[in-house]
Every structure is written in C-alpha cells, then in structure tokens.
Protein chains: 2
Amino acid sequence: MTKAPVIGLLGGGQLGRMLCEAGGPLGYDIAILDEDGCPAKQINVNDKHVTGSFKDAAKVKELAARCDVLTVEIEHVNAEVLEEIATKGVRTASGELRKVPVHPSWRTLRLVQDKFEQKEHFKAQDIPVAPQMALGGGEALAGSLREAYEELAFPFMVKARKGSYDGRGNFKVRGPEDLEPAVEALGKLPLYAEKWVPFVMELAVMIVRTEDDEGNCTGIYPYPTVETVHEDDVCRAVFMPPRKVDAAVCAKAQKVAGQVVRSLWGRGVFAVEMFLLQDGSIMVNEVAPRPHNSGHLHIEAVPYMSQYKAQLHAILDIVPKSMKLIPRASQAIMLNILGGAAADSHDKLVKLTETEYMEGTDVHLHLYGKASKPGRKIGHVTFTTPSPDVDLEKTIAPFVNEVDLIRQQRVSSCAEQLRPVAAPEAKKTSSRNPKSPLVVVTMGSDSDLSVLAAGLDILEKFEVPYDCTITSAHRTPARMTELANAAVSRGVKVLIAAAGGAAHLPGMLASETTVPVIGVPVKATHLDGNDSLLSIVQMPRGIPVATVGINNSTNAALLAVRMLGSHYPEYQDKMARYMKSMKVEVEGKAAKLEEVGYQAYLAGRGQ
Amino acid sequence: MTKAPVIGLLGGGQLGRMLCEAGGPLGYDIAILDEDGCPAKQINVNDKHVTGSFKDAAKVKELAARCDVLTVEIEHVNAEVLEEIATKGVRTASGELRKVPVHPSWRTLRLVQDKFEQKEHFKAQDIPVAPQMALGGGEALAGSLREAYEELAFPFMVKARKGSYDGRGNFKVRGPEDLEPAVEALGKLPLYAEKWVPFVMELAVMIVRTEDDEGNCTGIYPYPTVETVHEDDVCRAVFMPPRKVDAAVCAKAQKVAGQVVRSLWGRGVFAVEMFLLQDGSIMVNEVAPRPHNSGHLHIEAVPYMSQYKAQLHAILDIVPKSMKLIPRASQAIMLNILGGAAADSHDKLVKLTETEYMEGTDVHLHLYGKASKPGRKIGHVTFTTPSPDVDLEKTIAPFVNEVDLIRQQRVSSCAEQLRPVAAPEAKKTSSRNPKSPLVVVTMGSDSDLSVLAAGLDILEKFEVPYDCTITSAHRTPARMTELANAAVSRGVKVLIAAAGGAAHLPGMLASETTVPVIGVPVKATHLDGNDSLLSIVQMPRGIPVATVGINNSTNAALLAVRMLGSHYPEYQDKMARYMKSMKVEVEGKAAKLEEVGYQAYLAGRGQ
C-alpha cells in the first residue's frame with residue numbers, strides 16, 4: 001500500500017489510546033508525543049513516537065518534523081508552538097522548513113484555553129451563554145468580587161480562566177460567607193465570575209467539523225444529542241437519548257452545537273457541553289475541541305463512525321459530504337469506571353461485564369491500561385440495545401449499583417419513558433427513481449412514448465431504478481447535452497434513447513457521455529423505419545450505439561437489464577428466470593399445437 | 001486491578017492481531033510467540049513476547065513458562081510439545097515444573113493436522129463426510145490411485161493429508177489423463193483420495209466450545225450460519241445470511257457443526273466448513289479449531305461477542321451459560337482484500353471504504369499491517385445493514401467490482417509471469433486473458449477475423465482482459481452453446497459476436513446466456529451487409545442483441561468498454577480520455593482546414 005500520512009498526536013492517554021484502537025485497522029500511521037508506557041503507546045508500536053511532555057515546545061517540534069498533520073487529545077497544550085509550526089513551519093531532519101497543518105487549529109486551542117475568552121467569543125456570535133465578568137487579580141480581587149455579586153447576585157461561580165478541567169478550579173459562592181474561602185482557594189489564579197445557572201439537565205453534542213485548506217468550514221456533522229450526568233464534578237454516566245427529553249430539544253441542542261463549532265477553526269471532532277434550562281432553552285457551557293467522554297458511547301452506538309474514526313477522517317479531510325451520524329442502537333448508556341479506594345476496587349465491576357449476560361442488551365468494556373488511583377478515569381462500560389422499549393437503565397442496574405458501591409454512594413434509578421417508534425416508510429409501487437436511477441430512458445418526442453411503454457414495463461417488471469424523460473436532439477440540444485453530461489455523476493449505468501426519422505438522439509447522447517447508450521429505432525411515417533434504424537445503427541467509428549430492432553423497446557430494456565446483470569447478481573438471476581419462463585411458455589404452446597393440430601390451434605387462437 | 005491471567009498465543013498473524021484488538025480494551029495480557037514486527041506485535045507491547053517460530057519446541061516452552069494458558073491462531077503447530085506442556089508441564093523461571101492448559105486441546109490440533117484422520121474421526125461419529133480412502137506412498141501410489149478411481153470414480157480429489165490450507169495440496173483428478181500429473185504434483189506427500197462432492201454452496205458455522213477442567217464439554221454456542229465463497233482456492237467473500245437458503249438449512253448446519261465440535265477436545269472457537277448439496281443435505285468438509293476467516297464478519301454482526309472475544313472468554317472459562325449469539329445486523333457481507341499485481345493495487349479499494357458513503361449500510365475496514373504480495377490476505381472489509389430489505393450485495397457492487405479488478409490484474413500478471421520469457425525486446429503486451437476474460441469475442445468463421453481486428457485492437461488499447469475464439473452457430477452449435485452457458489461462471493461481462501449473411505451467432509448466443517451480447521454485422525458477398533445487419537438487429541422480443549454498424553467492430557469494442565466503464569471507474573476514465581483525444585484530433589484537422597483552405601487540404605491528403 002502507498003505510505004499512509006503520518007499523524008502526530010499530542011498526548012497518549014485514554015483518548016489517544018482509543019484513537020489508535022480506531023486507526024490501527026484503518027491502516028493509519030499515528031506517532032505519539034507522551035511518556036513511554038502511556039495508554040496509547042501500549043497498543044501502538046511506532047518508531048516515530050517521541051518521548052516527553054506535550055507541553056514541551058522542543059518535543060512538539062520534534063514530533064511535527066516527523067509528521068504530515070498534528071492533532072491533540074487534550075486542549076491544554078502549547079498553542080504558541082503549534083501556531084509557529086502551522087504558520088512558519090518546523091525544521092525537518094533534512095533541514096528544510098516545512099509547515100505542518102494542526103487540527104483543530106491552534107486558534108481554537110488558544111481560545112478555549114481561556115474559558116472567559118471562550119464564552120466572550122460565543123456571546124459575540126449570539127450563542128446563549130451564562131452572564132459572566134472578569135475578576136481582577138491580587139488587591140483588585142476582593143473589590144471585583146463585590147461587583148460580581150452586585151451584578152450576578154448569589155449564588156454565582158468563581159472559576160479559574162485557564163487550566164481547569166473536571167470541575168477543578170471552580171468555586172460556588174452561595175453567599176457573602178463564601179467570598180473569603182473563594183479567594184483562599186483560587187486567589188492566585190486569573191479568575192472570572194459566572195452567574196449560577198439553575199439547569200435541569202446537562203446535554204452534550206459531538207460535532208464533526210470539516211474545513212478546506214483556506215480555512216472555510218465545509219461541513220458540520222452532529223452526533224445524536226446525549227445527556228451527561230456529573231458526580232463529584234466528574235462525568236459519571238452518559239445517556240443516548242437523553243432521559244425524558246423530547247426530540248425537538250435534542251434537535252435544538254444539535255443546532256446550537258453546530259453554531260458553536262462553525263464559529264471555531266480547524267478540522268476534527270468537537271464536544272459541545274450545554275445546559276438545558278427549565279423553560280426548555282439551551283445555554284452553552286463549554287467546548288472541548290477533541291474526542292470527549294460524552295462521545296465514548298458512539299463507538300458502539302454509531303459503529304461505522306466512532307468519534308475517533310471521525311477525528312482521523314476529518315483531519316485527513318476525507319469525510320464524505322453526505323455522511324449522516326445515525327445511531328444503529330436505539331439506546332445506549334455509558335458508565336465511567338473511576339478508580340476506587342483500593343487498586344482492585346473495580347475488579348468486581350469488570351467481572352460483571354464478563355459474566356452478567358443480559359439477552360438483548362450488549363455490554364462493551366473499555367479499559368485504558370492505566371494503574372488505578374482514586375477517582376482516576378481508568379475505563380468505561382457502554383451498554384447498547386437495539387430495542388427502543390427495553391428499560392435499559394433498569395436492565396443495567398447491577399452495574400450501576402456496582403459503580404455506586406465503588407463510589408460509596410447510592411443512586412435511585414428512575415424509570416424511563418418509552419419513546420415513540422418511528423413509523424415505517426410507505427412502500428413505493430413504481431421502481432421509477434429520478435433521484436438515483438440506474439437506467440435513464442429518454443425520447444425525441446412524446447409520440448415515441450407509446451413505443452417505449454413496453455420497455456418501461458420491463459424495467460418495472462425487473463424493478464430497475466429508472467428515470468424517464470423527453471429530450472429532443474433537434475428541439476432541445478442543450479437539455480440533451482445536460483442529460484448526457486450528468487449521467488456519470490448521477491450513477492446512471494445505461495441510457496436508452498428512442499427516436500424516429502433522422503434519429504440523432506441516441507448517437508448524439510453517446511457523443512456526450514461515456515455511459516453505454518441503447519438506441520431504439522422508432523418506425524416513423526415513411527420508409528418503414530429504415531431511416532430510423534440506419535441513422536442509429538450506422539454510427540461512425542468511435543461513437544457506438546447499441547441498436548435494437550425497429551420499435552423493439554422491449555429488447556432495449558432487456559439489454560439494459562443484462563448489462564446490469566453482469567455486475568448485479570440480482571438482475572442476472574431475474575434474467576435467468578425470465579428466459580426460463582419464455583422457454584416454458586413456448587413449450588406450452590408446442591404441446592398444445594402437437595395435441596390439437598394446426599387447424600384447431602389456429603381456430604383456437606382466433607377465439 | 002488484580003493481575004490478569006497471561007494468555008500465550010502461538011502465531012501473531014492477522015488472527016492474532018484481531019485477538020489483540022479484542023483483548024486490549026478488555027484488559028487481557030496476551031504474550032505472543034512469532035517474529036518481531038508481526039501483525040499482532042505491532043499493536044501489543046508486552047515484555048512477555050517471545051521472538052521465534054511457533055513450530056520451534058524450545059520457543060513454545062519459553063512462552064509457556066511465562067503464561068497461565070496457551071492458545072493458537074493456526075493449527076499447524078507442534079502438537080507434541082503442547083501435549084508435553086499440558087500433561088507433564090514446563091520448567092518455569094523459578095525452576096518448578098508447571099502444567100499449562102492448552103486450548104483448543106493438543107488432541108484436537110493433532111487430529112485436524114491430518115485431514116484424512118480428521119474425516120475418519122467424523123465418520124466414526126456418524127457425521128456426514130465425503131467418501132475417502134488413504135493412498136499408499138512411493139511405489140504403492142500408482143496402484144492405490146487405480147483402486148481410488150475404481151472405488152470413487154472420476155472425478156475425485158487427491159489431497160495431501162497434512163500441512164495444506166487455502167487449496168494448496170489439493171489436486172482434482174478428472175480422468176485417467178490427470179493421474180500422472182497428480183502424482184507429479186503431490187507424489188512426495190502422504191496422500192488420500194476423496195470423492196468429488198458436487199455441492200451447490202459452501203456453508204460455515206463458528207462454534208464456541210466450553211469445557212470443564214475434567215475435559216467434559218459444558219457448552220456449544222453456534223454463531224449464525226454463513227455462506228463462504230471461494231475463488232482461486234481462497235476465501236473471497238462471506239455472506240450472512242447465506243443467499244437463497246432457508247432458515248431450516250441454516251439451523252441444520254448449526255446442528256451438524258455443533259455435533260462436530262462436541263466430538264473434539266478443548267475450549268475456544270471452532271470453524272466448521274460444510275458443503276450444501278443439491279438435495280439440501282449437508283456434508284462436513286473440515287474444521288479449523290481457532291478464529292477463522294468465515295467468522296470475521298461477526299466482529300460487527302455480533303458486536304458484543306466477536307469470535308476473538310469469544311476465544312478469550314472461552315479459554316478463560318468465563319462464558320455465561322445463557323449466552324446466545326444473536327446478530328445485531330440483519331445482513332452482513334465480508335470481502336477479503338488480497339494483495340494485487342502491484343504493492344498498491346488495493347489502494348483504490350481502501351479509498352472506497354473511506355469515501356463511498358452508503359446511507360443505511362455500514363463499511364468496516366480491517367487492515368492487518370502486512371506488506372502486500374499477490375494473493376496474500378492483507379485485510380478485509382465487512383458491510384452490515386440493520387435492514388432485512390436492503391439488497392446489500394447490490395449496494396456494495398462498487399466494492400465487489402474493485403475486488404474483481406484487483407483479481408483480474410493479479411491473474412493477468414501471474415499468467416504473464418508463468419509465460420516463458422521471450423527475447424528481451426519482445427515484452428508481452430497483449431491483454432488477452434483466456435483464464436478470466438471480462439469480454440469474449442467470437443466469430444462465425446475465421447474470415448470475419450479481419451473485420452474484428454479493429455475491435456480487438458481497441459480491447460488491447462483499453463487493456464480489457466478478453467478471450468477470442470471461433471464458434472459457428474451452424475457448423476458448431478454445441479460449442480456455441482457451451483461458450484454461452486459458461487459465460488456467467490467464467491465472470492464474462494460482455495460477449496461480442498461477429499457474423500455475416502444469415503448471421504445467427506449473436507442472436508443464438510443471446511438465447512443461451514444472460515450476458516449482454518454485442519452483434520457485429522459482417523458485410524458478406526451479397527446484399528451489401530443488409531442481410532447480416534437485419535438478421536442480427538431484428539431479434540424477436542425477449543432476446544436482445546446490441547447491434548452496431550456493418551463491419552464496425554471498433555464500435556462493438558468501444559461499447560463493451562462503456563458497459564464495463566459503468567461499473568469499473570478505470571474503464572470510464574479511459575473512455576473519457578479516448579473521447580477527448582478524438583475531439584482534439586478533429587479540432588486539429590479543423591484548424592488545418594481553416595488555415596490552408598480546402599483545395600490545399602485535399603491536395604495535402606492526396607500526398
């Protein structure tokens with residue numbers, strides 16, 4: 001195989017590991033910058049790996065020099081060096097200065113690293129976010145905190161602008177008594193204050209973003225909306241679909257998330273975390289420009305395009321324009337496995353995934369190859385079911401209880417409502433399919449239609465997706481050219497054209513496309529059809545037309561079916577059956593003729 | 001987490017690699033005995049790996065000493081040393097002699113290594129197998145071959161008892177004339193003869209077998225029955241469910257497979273390959289006591305329990321008693337990716353898996369990290385759909401066509417290599433390929449050849465694999481029928497037939513095959529070719545012939561290329577280029593005419 005592009009990955013934790021799990025079978029070459037023995041390097045042998053920290057500028061350049069494109073598993077990376085690599089370039093082994101694209105863009109990484117700036121950016125895009133204000137540092141902090149509660153009122157959040165994740169660097173100020181502790185806890189960091197938002201649920205949507213080389217967004221592909229449940233400021237569980245939330249809200253969440261990601265820069269997957277408020281409105285919390293915990297369950301729920309495969313395909317810019325991220329499971333739940341009090345606290349949960357068989361519900365274990373520490377994300381379990389009716393949350397109660405045990409907590413599982421089942425599509429009766437026909441039938445004039453009817457009946461009989469129209473070589477030459485030129489891109493495999501007299505349509509179509517053209521000579525008013533036949537069949541060398549007998553559209557259609565049959569076994573089988581039926585019919589007539597004699601037979605036919 | 005048991009794996013090819021892909025997220029510790037850089041070791045860093053051959057007794061013991069259980073990805077291993085390890089034990093680093101369980105059992109491995117003994121064993125269990133008899137070696141061979149055809153009658157198979165796979169070591173004896181070649185081909189190996197079984201389809205069932213520590217079978221879990229399609233003696237495709245086979249037959253196949261595996265020894269997955277005969281009965285071909293090509297599609301079709309996860313859970317004896325292997329997809333098709341003529345022949349197919357989006361149909365690519373060699377298994381693609389109504393085979397036609405093209409090129413280039421090397425300057429240029437032509441050109445008489453030459457030149461120009469012969473409708477009707485009937489099974493996509501006078505050949509061919517037939521009217525001695533034209537084009541309704549102009553074999557060939565082009569992008573591209581070149585040529589002449597004027601132009605042409 002020709003050499004695959006080398007993808008440089010900053011960070012080799014569980015997200016990087018799952019990226020490698022996805023990339024291995026796809027043949028991608030992923031080089032990782034992280035410490036040796038990190039989760040990703042355990043399952044990816046590559047002599048282009050770099051040992052060190054993804055915050056170390058020199059190491060990042062060392063990796064970049066070996067790669068065709070760079071991406072990240074975490075946003076807390078050195079955005080300055082990534083900007084330099086993408087805009088000025090990096091010295092390669094051969095000494096040349098080479099620019100290496102970075103996806104998502106360093107612009108996006110720099111923006112989201114400052115949560116205050118991130119939300120200011122969204123506000124400027126008319127994307128709903130919670131009211132916030134910057135807080136002064138040092139001496140100024142106390143004063144600006146006062147302004148904050150005058151402006152935002154209690155309770156409000158004090159948050160570190162940078163470097164915080166999984167709830168670290170957040171402090172909820174319920175009242176005046178919390179101001180002192182807040183300063184103590186976070187006083188040394190650059191801070192901002194955010195109005196406390198009383199949300200009813202947290203939603204998240206993963207978005208695949210594609211972009212051309214000029215940096216214009218070329219596509220926004222949302223995954224199904226999920227509900228995220230946090231506990232101790234860490235993601236505990238994810239539900240697809242969200243519990244007790246109607247489809248309209250999920251659609252709105254996808255729309256807002258798309259708006260958010262469209263306003264950013266670079267290719268890849270982006271996680272948009274949102275609050276669902278009492279009134280059904282949605283407020284954006286924050287964005288992670290990378291694979292995300294809220295997207296783990298898509299590995300099984302959208303098995304043809306996990307967020308990891310999507311990340312790889314997006315940064316390589318090979319995402320099909322028409323891609324839709326429709327789940328193959330009706331429901332999915334993800335539970336994080338967090339390290340417990342002891343190194344083996346989660347053994348029982350893991351054992352359950354091996355031994356607890358639940359018919360109709362699938363269990364998928366993902367361990368990250370990390371040593372267990374209290375509260376550390378060391379794995380996750382995803383549960384899926386094809387049934388929209390199963391109470392999945394109830395079904396997996398033994399696992400939830402085990403998670404609760406590990407956390408020394410209890411959770412009462414709430415019953416889940418049945419979702420309406422999609423109504424089955426109405427079965428169509430005609431095989432006419434103008435959207436994606438295999439065969440296009442056209443004629444010089446509607447007067448030819450009566451001749452073509454028999455052929456169209458054949459296409460219907462063989463269930464061939466076809467389209468039928470009128471294009472005159474002489475009256476609508478442009479329209480004819482258009483039809484011919486579009487044939488290949490429409491996926492048309494055969495053209496059938498009927499014409500009479502100076503019958504130019506089949507030959508002219510053949511001159512404008514590479515698709516085989518079948519010509520049906522239509523007997524016109526004079527010359528008994530000889531004019532039509534000869535003007536279709538006697539084409540010059542170079543431009544063939546498959547000509548059938550005069551007025552014999554039946555054979556034109558059967559010929560088209562045979563052409564398809566050479567490549568689609570279905571049509572070959574149908575043709576074989578059709579030919580057998582003709583044989584049987586003739587044998588029947590022969591038997592009758594032999595039985596009754598020719599006079600009676602003729603007499604009989606006269607009836 | 002408490003230390004996971006160490007699983008020792010003999011062989012690190014694609015099966016071992018996929019075992020590691022399954023085992024990684026499950027936290028299993030897999031140590032591999034194979035050369036460094038083998039597919040499995042590329043994605044599994046483990047300090048317990050052993051470098052060397054799985055046929056090397058010392059290496060096998062070295063691996064066993066580090067493991068809690070041993071398993072295999074291939075049955076052609078050293079069964080003696082495995083017996084010793086399982087029954088007597090192996091010296092560990094600490095010097096103690098420790099027994100290490102081997103699954104599947106060394107008993108099973110030893111049995112299946114001798115295909116003759118394997119079938120004798122099944123016969124003794126009243127499991128249906130083809131009649132067979134052992135053949136003597138050396139002097140005795142000729143004699144026992146005579147007995148063989150007296151007993152089994154022609155045709156029968158001569159097979160090597162050991163070491164054969166993917167059709168290697170098999171020889172079909174059609175008649176007395178094949179006896180000599182059979183002896184030449186396989187004479188040095190221990191052989192047996194097997195009655196030729198005229199099967200209608202090959203079926204396979206993967207079975208999970210569990211066993212207690214006393215060696216009693218405790219469970220038999222069948223995967224869904226699949227249809228396997230072989231080409232060039234190698235698995236080409238697998239269909240779930242089998243095409244046009246009713247559920248009762250599938251259930252019977254699962255039952256027979258269960259019977260087979262119950263009669264063997266050890267834990268793990270077993271592939272049972274079977275023949276489906278005309279009368280609906282089933283005959284066992286052979287067993288592979290390991291993950292198998294016919295089970296690849298279960299990775300996606302039975303996503304909660306791939307054959308690899310099943311292998312791991314079975315040998316660790318943690319399979320839930322109530323486990324059912326019910327597919328989550330309604331249909332699945334697997335296509336093997338075999339190395340083509342060039343190292344990058346499969347690039348286009350891989351690209352298709354990235355860019356061809358088919359809504360409702362999922363594409364799953366699996367590359368094995370192996371360098372490409374002609375015919376080598378380097379990957380596979382699995383297609384799944386949740387819909388029972390989608391015509392999956394039709395949907396994936398572009399992929400099937402690409403696989404065909406890779407094969408066509410591989411076969412042609414192999415044929416080329418086999419041809420005796422002529423003078424260096426006379427390098428082979430013909431695309432004629434009688435073994436697997438896409439187009440077959442035939443004529444009523446060699447006098448038509450001069451007319452067909454232009455068309456044959458076109459086929460050469462477009463590098464279309466073709467065959468060319470003579471079959472007269474009137475002088476060799478049987479031969480003509482044979483050619484027509486064999487067309488589909490030969491993979492022929494288009495027939496071109498030339499004839500003159502009462503030109504019956506094209507129409508008669510069309511009457512005997514479903515393959516599209518292109519007719520070339522050859523101008524005979526009288527009537528200026530009208531006789532030929534009308535007797536080809538004016539076919540009765542029901543049997544079409546694609547007729548081109550009189551003597552215009554050029555257009556016949558170009559039409560054939562267009563028919564191929566609708567399904568093979570390569571030919572569509574070439575046709576587009578060809579049409580462009582015609583345009584350029586005419587524009588050139590136009591320019592000249594405009595420049596020099598018509599008199600000079602005509603004068604110039606006169607020169």
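By the naming in an unreviewed UniProt entry, chain A goes by Phosphoribosylaminoimidazole carboxylase and is assigned to Tolypocladium capitatum. The UniProt entry for chain A carries this comment under Pathway (unreviewed entry): "Purine metabolism; IMP biosynthesis via de novo pathway; 5-amino-1-(5-phospho-D-ribosyl)imidazole-4-carboxylate from 5-amino-1-(5-phospho-D-ribosyl)imidazole (carboxylase route): step 1/1." We quote the UniProt Sequence similarities (unreviewed entry) comment for chain A here in full: "In the C-terminal section; belongs to the AIR carboxylase family. Class I subfamily."

A. Highlighting the packing of helix α15 (residues 477-490) of chain B against helix α16 (residues 505-512) of chain B. Residues and elements named next belong to chain B. Running from N to C, α15 and α16 point in directions that differ by 50°, and their axes come no closer than 8 Å. Here α15 lies oblique to α16, going by the angle between them. For α15 against α16, the interelement crossing comes out right-handed. Within the contact between the two elements, α15 uses Met-480, Thr-481, Leu-483, Ala-484 and Asn-485 and α16 uses Leu-505, Met-508, Leu-509 and Glu-512. In the contact of α15 with α16, the residues fall into 6 nonpolar, 2 polar and 1 charged.

B. Structural view of the sheet that holds strand β7 (residues 132-134) of chain B. All names here are of chain B. The strand order β7-β10-β8-β9 describes an open sheet built from 4 strands, whose pairing is antiparallel. Bordering the open sheet on either side are β7 and β9 (170-173), each of which pairs with just one other strand. Going from strand to strand, the sheet's axes swing by 20° on average, the running direction of each strand aside. When β7 meets strand β10 (residues 191-195), the two strands line up antiparallel, connected through 3 bridges. Residue Gln-132 lies in a different strand from β10, and its bridge partner there is Glu-194.

C. Expanded view of the interface of chain A and chain B. If you look at the interface, chain A gives 94 residues, while chain B gives 94 residues. Each partner contributes to the roughly 7600 Å² buried at the junction of chain A and chain B, and carbon and sulfur atoms together form 55% of this total. Connecting chain A to chain B are 5 salt bridges. Residue Arg-328 of chain B is joined to Asp-362 of chain A by a salt bridge in which the shortest nitrogen-to-oxygen separation is 2.7 Å. At the junction of chain A and chain B, the tally comes to 40 residue pairs in polar contact (both at pLDDT 80 or more). With 10 residues, helix α19 (residues 569-606) of chain A is the single largest residue contributor to the side of chain A that touches chain B. Its residues assigned to classes, the side of chain A that touches chain B shows 48 nonpolar, 28 polar and 18 charged.

D. Examining a nonpolar patch on the surface more closely. There is a patch of nonpolar side chains on the surface, built from Leu-593, Tyr-598 and Leu-602 of chain A and spanning about 330 Å² of accessible area. Positionally, Tyr-598 of chain A belongs in helix α19.

E. Region of interest: the side chain of Glu-194 of chain A. Residue and element names in this part refer to chain A. Secondary-structure assignment places Glu-194 in strand β10 (residues 191-195). On the basis of relative accessibility, which here comes to 4%, the residue Glu-194 falls in the buried class. At 3.1 Å, the side chain of Glu-194 forms a polar contact with the side chain of Lys-159. Not counting residues up to four positions away in its chain, the partners in contact with Glu-194 are Lys-119, Ala-130, Pro-131, Gln-132, Leu-152, Phe-156, Met-157 and Lys-159.

F. Molecular detail of the nonpolar core. Grouped together as the largest cluster of nonpolar side chains are 110 residues, with contacts concentrated most on Val-439 and Ile-518 of chain A together with Val-439 and Ile-518 of chain B. In this structure, Ile-518 of chain B is in contact with Val-494, Leu-495, Ile-496, Ala-497, Val-545, Ala-546, Val-548, Ala-556, Leu-559, Ala-560 and Met-563 of chain B, ignoring residues within four places of it in sequence.

G. Examining helix α14 (residues 449-461) of chain A more closely. Residue and element names in this part refer to chain A. In this model, α14 (13 residues) spans 18 Å end to end at C-alpha, consistent with the 18 Å of a helix rising 1.5 Å per residue. For α14, the complete set of buried residues consists of Val-451, Leu-452, Gly-455, Leu-456, Ile-458 and Leu-459. Just downstream of α14, Glu-463 is the residue with a positive phi angle, here 55°.

H. Geometry of the domain arrangement of chain A. Here the domain parsing of chain A yields domain 1 (7-103), domain 2 (131-195), domain 3 (201-415) and domain 4 (439-567). Look at where the C-alpha atoms of domain 3 of chain A and domain 4 of chain A centre, and you get two points 53 Å apart.

I. Molecular detail of the sheet that holds strand β1 (residues 6-10) of chain A. Residue and element names in this part refer to chain A. What the 4 strands build is an open sheet, ordered β3-β2-β1-β4; its pairing is parallel. Each of the sheet's edge strands pairs with one partner strand only, and the pair in question is β3 (50-51) and β4 (69-72). Bridging between β1 and β4 involves 4 bridges; their strand directions are parallel. Within β4, the residue paired with Gly-8 across the bridge is Leu-70.

J. Structural view of the environment of Pro-544 of chain A. Residue and element names in this part refer to chain A. One can find Pro-544 in the loop between α17 (530-537) and β24 (546-547). Note on Pro-544: relative accessible area 0%, which makes it buried. When the C-alpha positions of Pro-544 and Glu-73 are compared, they lie 56 Å apart, and in sequence the two are 471 residues distant.

K. Fine view of the packing of aromatic side chains. Here the structure, examined in full by the defined rule, presents 15 aromatic pairs over all chains. Ring geometry for Tyr-568 of chain A and Tyr-571 of chain A: centres 6.1 Å apart, planes at 70°, overall edge-to-face. Tyr-571 of chain A matches Tyr-568 of chain A in its accessibility class, with the two residues each being buried. Where Phe-383 of chain B meets Phe-399 of chain B, the ring centres are 4.8 Å apart and the plane angle is 65°; that geometry is what we call edge-to-face. Residue Phe-383 of chain B is located in strand β19 (residues 377-385), and its partner Phe-399 of chain B is located in helix α13 (residues 397-418); the two are separated by 16 residues in the primary sequence. Residue classification places Phe-383 of chain B among the buried residues on the basis of a relative accessible area of 0%. For Phe-399 of chain B, a relative accessible area of 0% puts it in the buried group. Following the ring pairs from residue to residue traces out a cluster consisting of Tyr-149, Phe-154 and Phe-156 of chain A. Stacked on the ring of Trp-196 of chain A, the Lys or Arg Lys-172 of chain A has its end atom at 3.6 Å from the ring centre. Residue placement shows Arg-243 of chain B over the ring face of Phe-239 of chain B; its charged tip is 3.8 Å from the ring centre.

L. Region of interest: the side chain of Asp-448 of chain B. Along the polypeptide, Asp-448 of chain B turns up in the loop between β20 (439-443) and α14 (449-461). No salt bridge is formed by the buried Asp-448 of chain B; its nearest oppositely charged neighbour, Arg-475 of chain B, is found at 6.6 Å.

M. Spotlight on helix α5 (residues 115-124) of chain B. Residues and elements named next belong to chain B. For α5, the complete set of buried residues consists of Lys-115, Phe-116, Gln-118, Lys-119, His-121 and Phe-122. Its buried side turned inward, α5 meets α4 (106-113), β7, β8 (156-160), β10, α8 (247-262) and β16 (282-288). Here α5 starts with a cap whose side-chain oxygen sits 3.0 Å from the backbone nitrogen of Phe-116, and that cap is Asp-114. Taken from the residues just after α5, Asp-126 is the one with a positive phi, measuring 60°.

N. Structural detail: the confidence of the model for chain A. Residue and element names in this part refer to chain A. Chain-level pLDDT for chain A is 89 on average; 95% of the residues reach the 70-or-more range. Counting contacts from residues 409-428, a segment whose pLDDT is below 50, to residues more than four positions away or on other chains yields 26 contacts. Of the two predicted TM-score estimates for the complex, the pTM is 0.70 and the ipTM is 0.70.

O. Broad picture of the packing of helix α1 (residues 14-26) of chain B against helix α10 (residues 307-315) of chain B. Residue and element names in this part refer to chain B. The interhelical angle for the contact between α1 and α10, taken along N-to-C directions, is 70°, at an axis separation of 8 Å. Classified by the interaxial angle, the pair formed by α1 and α10 is roughly perpendicular. Here Leu-15, Met-18, Leu-19, Ala-22, Gly-23 and Leu-26 of α1 lie close against α10, whose contacting residues are Tyr-308, Lys-309, Gln-311, Leu-312 and His-313. Taken together, the residues that form the contact of α1 with α10 break down as 7 nonpolar, 3 polar and 1 charged.

P. Quick look at the state of the cysteines. Enumeration over the complete set of coordinates arrives at 0 disulfides over all chains. With no disulfide of its own, Cys-67 of chain A lies closest to Cys-20 of chain A among cysteine sulfurs, the gap being 12 Å.

Q. Spotlight on the pattern of salt bridges. As enumerated under the stated definition, the model contains 69 salt bridges over all chains in all. Two residues, Arg-236 of chain A and Glu-231 of chain A, come together in a salt bridge whose shortest N-O distance is 3.0 Å. Here the two residues Arg-236 of chain A and Glu-231 of chain A agree in accessibility, since each one is buried. One connected set of salt bridges, linked through shared partners, spans Glu-231, Asp-232, Arg-236, Asp-404, Arg-407 and Arg-410 of chain B.

Definitions and limits used
- Residues numbered from 1 in each chain as written.
- Chains lettered and ligands numbered in written order.
- Predicted model: local features only at pLDDT ≥ 70, side-chain atom pairs only at ≥ 80, totals over all residues.
- Heavy atoms only, no water.
- UniProt positions renumbered as here; feature names shortened; annotations may be inferred.
- Axes fitted to C-alpha atoms, helices over the stretch in contact; angles between N-to-C directions.
- Helix = DSSP H or I, 4+ residues; strand = E, 2+ residues; numbered from the N terminus.
- Parallel < 35°, antiparallel > 145°, perpendicular 65-115°, else oblique.
- Left-handed = near helix turned anticlockwise from the far one by under 90°.
- Contact = heavy atoms within 4.5 Å.
- Nonpolar A, V, L, I, M, F, W, Y, C, P; charged D, E, K, R; others polar.
- Pairing = 2+ DSSP bridges.
- Buried area = accessible area lost by both parts, 1.4 Å probe.
- Salt bridge = Lys/Arg side-chain N within 4 Å of Asp/Glu carboxyl O.
- Polar contact = N/O pair within 3.5 Å; in protein donor to acceptor, adjacent residues only side chain to side chain.
- Patch = residues over 30% accessible without salt bridge, like charges linked within 9 Å, V, L, I, M, F, W, Y side chains within 5 Å.
- Areas by Shrake-Rupley, 256 points an atom, 1.4 Å probe, with all protein chains shown as cover.
- Buried < 20%, exposed > 50% of the residue type's maximum accessible area, 1.4 Å probe, protein only.
- Core = buried A, V, L, I, M, F, W, Y, C linked by side-chain atoms within 4.5 Å.
- Expected span 1.5 Å × (residues − 1).
- Domains from an automatic or database assignment.
- Phe/Tyr/Trp six-rings, centres within 6.5 Å; stacked < 30°, edge-to-face > 60°.
- Lys NZ or Arg CZ within 6 Å of the ring centre and 35° of its normal.
- Lys, Arg positive; Asp, Glu negative; His and termini not counted.
- pLDDT = per-residue confidence, 0-100.
- Disulfide = S-S within 2.5 Å.

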